[in-house]
Amino acid sequence: MVPFEYYVALSGLLMVLGFIGVIVRKNIIAMLLSTELMLNAVNMAFVAFDMKLHEVVGQVFVFFILTIAAAEAAIGLGLIMAIYRMKKDVDVEKLTELKG
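Thresholds, definitions, all that
Residues numbered from 1 in each chain as written. Predicted model: local features only at pLDDT ≥ 70, side-chain atom pairs only at ≥ 80, totals over all residues. Heavy atoms only, no water. Axes fitted to C-alpha atoms, helices over the stretch in contact; angles between N-to-C directions. Helix = DSSP H or I, 4+ residues; strand = E, 2+ residues; numbered from the N terminus. Parallel < 35°, antiparallel > 145°, perpendicular 65-115°, else oblique. Nonpolar A, V, L, I, M, F, W, Y, C, P; charged D, E, K, R; others polar. pLDDT = per-residue confidence, 0-100. Left-handed = near helix turned anticlockwise from the far one by under 90°.

Quick look at the packing of helix α2 (residues 28-53) against helix α3 (residues 57-87)
Turning to step 1, where the next piece is worked out: Viewed as axis vectors pointing N to C, α2 and α3 meet at an angle of 175°, and their least axial separation amounts to 9 Å. Taken as axis vectors, α2 and α3 run roughly antiparallel relative to one another.
Turning to step 2, where the next piece is worked out: Across the contact of α2 with α3, the residue classes tally to 16 nonpolar, five polar and three charged.

Regarding the confidence of the model for the chain
For any part of a model where pLDDT is low, the fine detail of the predicted coordinates should not be relied upon.
Turning to step 1, where the next piece is worked out: In the predicted model, the chain carries a mean pLDDT of 87, and the fraction of residues at 70 or more is 94%.
Turning to step 2, where the next piece is worked out: Here α3 is the element of the chain with the lowest mean pLDDT, 88, and helix α1 (residues 4-24) is the one with the highest, 94.

Quick look at the packing of α1 against α2
Turning to step 1, where the next piece is worked out: Viewed as axis vectors pointing N to C, α1 and α2 meet at an angle of 165°, and their least axial separation amounts to 8 Å. On the basis of their axis angle, the class for α1 and α2 is roughly antiparallel. In this structure, α1 crosses over α2, and the sense of that crossing is left-handed.
Turning to step 2, where the next piece is worked out: The residue inventory of the contact of α1 with α2, partitioned by class, reads 19 nonpolar, five polar and one charged.

This is the structure we're talking about:
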């Protein structure tokens, strides 16, 4: 069986990679994917602590986070499509104003 600390370390690594992706990337879609990576890191941490503490509370939180992640992806992709139709680009530095 894999030790508990490995799951927590992998979760931390995924969180750091997602955070770096949000900070470094210029593309909105890549930033959205990095945000999803951070949410999955939180899910992994919840499941790891749930496995360690032998409770079900972490798994309930995972379902809520998955629901929020799905809504965030749907709304985010809708906004990205609307911005692309207006500006013909999804570069963050070029999108400083949302005026037409």
